[in-house]
Amino acid sequence: MTDPKLLALFATAQVSVINVDEWNQWKQQHRSRILELKGIDLSGADLRGANFSHANLSEANFSHTNLNHTDLSHTNLSEADLRGANFSHADRSGADLSYANLSGVDLGYANLSYTNLNNANLSKAYFSHAELIKADLSGANLSGANLSSTNLSGANLSGANLSGANLNHAGFYNVDLSYAKLIRSDLSYARFSAANFRGADLSGARLSGARLSRSKSKARLNSANFHGANFRGADLSGARLSGTDLSEADLSRADFRGADLRRVNLQRANLSGANLQRADLGEGMFAHARFSQANLEETLFTGADLSETDFRQVPWVIVMTITLQPGVKLKGMLWELEQE
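Since we're looking at a predicted model, the values are computed, not measured. (Residues numbered from 1 in each chain as written. Predicted model: local features only at pLDDT ≥ 70, side-chain atom pairs only at ≥ 80, totals over all residues. Heavy atoms only, no water.)

**Details of the overall build of the chain**
The test is simple: Strands here are runs of E lasting at least two residues and helices are runs of H or I lasting at least four, both read from the DSSP assignment and numbered beginning at the N terminus. Between the two quantities, the radius of gyration covers C-alpha atoms and the globule rule is 2.2 Å times the number of residues to the power 0.38.
Helix and strand counts for the chain come out as three helices and two strands. Each helix (α) and strand (β) of the chain, taken in turn from the N terminus, gives the series α-α-β-β-α. Scaling as 2.2 N^0.38, a compact globule of 340 residues should have a C-alpha radius of gyration of about 20 Å, whereas the chain reaches 26 Å, well beyond that. Summarising its shape, the C-alpha atoms of the chain cover approximately 90 × 30 × 25 Å along the three principal directions.

Written out as structure tokens, the structure reads:
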């Protein structure tokens, strides 16, 4: 329950002026006390430099409040309204922002590592160049947010909504994106290592120039939906993509060397110029897919449906090797003899 004596120290909040020095002095004198300020209305207040560390500010109203240089470390801000607040240089380390409303808030270059943001409303928020190392963003609404060049290493984004978000040049090491929505998001030139995309929806997403694998930590993209996604020039070497939906995706010039593409849906996908050397495409569906000028050396197609697949501009010897693989369906497959 909120202490009336504490509320008295913020009596001038409604006129947007608070004696921060008096508050900080009082807090220093009562530093062992658990501060209960649940539901307090500090909207529009000037709280620059205030110390709220370890306080309970759940359900508080901080909309359009100036929190520049405030200490919010280990503070409970769950379900708080922080729309339009100024967080410049604020210390948010270890804060609980679960279910908080931070829609449209500017958190560029902020350090939000280890912060609890699960189920928070972060739609259209600005996170460019922010540190979100091991942050909990599970179930959060990040639709339309700008997360360009952010560091999301170890972050939990399972079930998060990132539809339409800008994630270009972001870093994803050991990130959990399972069942996340990344519909029409921009992941161009993003870096992924040991990322988990299981069950994620990336339909219409842009991943041109993205790097989704490294030699020791392969991306896990099993059962993800990449329908219509743009992977032009992406590095997917060694990636585990079994069972994914890549139908109508643009995979031209992408690197799939050694990738696991078993049982993948690549119907009507563009694989022109892609490198599929030593990749496993067994039991996949490739109706109307285009492989022109693709590198298919030592590629496995065992049991794949290649009906009406376009292999024109692929060396004739390679095409013949593919047709001799067991269980391959070839009805209507397009290919051409090399001209002497």
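**What to know about the side chain of S138**
Note the threshold: Working rule for contacts: check all heavy atoms of both residues, and any pair within 4.5 Å makes them a contact.
By secondary structure assignment, the location of S138 is in the loop between α2 (20-29) and β1 (171-173). Each residue touching S138, except ones within four places of it in the same chain, is listed here: N118, N119, N156, L157 and S158.

**Quick notes on the pattern of salt bridges**
Using the following cut-off: Basic side-chain nitrogens of Lys or Arg form a salt bridge, by our definition, when they fall within 4 Å of a carboxyl oxygen of Asp or Glu. In this scheme, a residue with accessible area under 20% of its type's maximum is buried, one over 50% is exposed, and one in between is partly exposed, where area comes from a 1.4 Å probe on protein chains only.
If you walk through the whole model with that rule in mind, you get seven salt bridges. Of the charged contacts, one joins K38 and E59 as a salt bridge, the two residues approaching to 3.7 Å between their closest N and O atoms. Within this pair, whereas K38 is found in the loop between α2 and β1, its partner E59 is found in the loop between α2 and β1, the two being separated by 21 residues in sequence. With a relative accessible area of 40%, E59 lands in the partly exposed category. Across the pair R48 and D46 runs a salt bridge, and its minimum N-O distance is 2.7 Å. Judged by its relative accessible area of 49%, R48 is partly exposed.

**Comments concerning the environment of D201**
You can see D201 is positioned in the loop between β2 (191-193) and α3 (316-323). Distance in space between the C-alpha atoms of D201 and I183 is 6.2 Å, their sequence separation being 18 residues. The contact partners of D201, leaving out residues within four places of it in the chain, are A180, K181, L182, I183 and N225.

**Some remarks on the packing of aromatic side chains**
What counts here: Pairing of aromatic rings covers Phe, Tyr and Trp, the last counted by its six-membered ring, and requires centre-to-centre distances within 6.5 Å; plane angles under 30 degrees mean stacked, over 60 mean edge-to-face, and any other angle means tilted.
For the structure on display, the rule yields twelve aromatic pairs. Plain terms: the ring middles of F291 and F301 are 6.0 Å apart, the flat faces sit at 75° to each other, and that makes the pair edge-to-face. Taken together, the residues F291 in the loop between β2 and α3 and F301 in the loop between β2 and α3 connect sequence positions ten residues apart. F301 shares its class with F291; the two are buried.

**With respect to the nonpolar core**
As a reminder, the rule being used: Among buried residues, the Ala, Val, Leu, Ile, Met, Phe, Trp, Tyr and Cys ones that are joined through side-chain atoms within 4.5 Å form a nonpolar core.
Of all hydrophobic cores here, the largest spans 105 residues; its most connected members are L102, F172, F197, F256, F291 and F301. Residue contributions to this core peak at three residues, all from α2. Those residues in contact with L102, other than ones at most four positions away along the chain, are L82, F87, L97, L107, L117, A120, N121, L122 and A125.

**Structural notes on a nonpolar patch on the surface**
Which entries qualify depends on this criterion: Patch rule: a residue counts if its relative accessible area is over 30% and it has no salt bridge; like charges are joined within 9 Å, and nonpolar side chains (Val, Leu, Ile, Met, Phe, Trp, Tyr) within 5 Å. Throughout, the Shrake-Rupley method with a 1.4 Å probe supplies accessible areas, and for residues the shown protein chains are the sole cover considered.
A cluster of nonpolar side chains, W316, V317, W335 and L337, forms an exposed patch at the surface whose accessible area comes to about 390 Å². Along the chain, W335 turns up in the segment after α3. What makes W335 partly exposed here is its relative accessible area of 36%.

**Notes on the side chain of S178**
One can find S178 in the loop between β1 and β2. Overall, S178 belongs to the buried group, its relative accessible area being 11%. Once you skip the residues sitting within four places of it in the chain, S178 turns out to touch S158, G159, N196, F197 and R198.

**Points about unusual backbone geometry**
Note on backbone geometry: most residues besides glycine have negative phi, and most peptide bonds are trans. Of note in the backbone geometry, R263 takes a positive phi value of approximately 60° without being a glycine. For R263, the location among the structural elements is in the loop between β2 and α3. Phi angles above zero are rare outside glycine, and R278 is one such case at about 60°. Along the chain, the position of R278 falls in the loop between β2 and α3.

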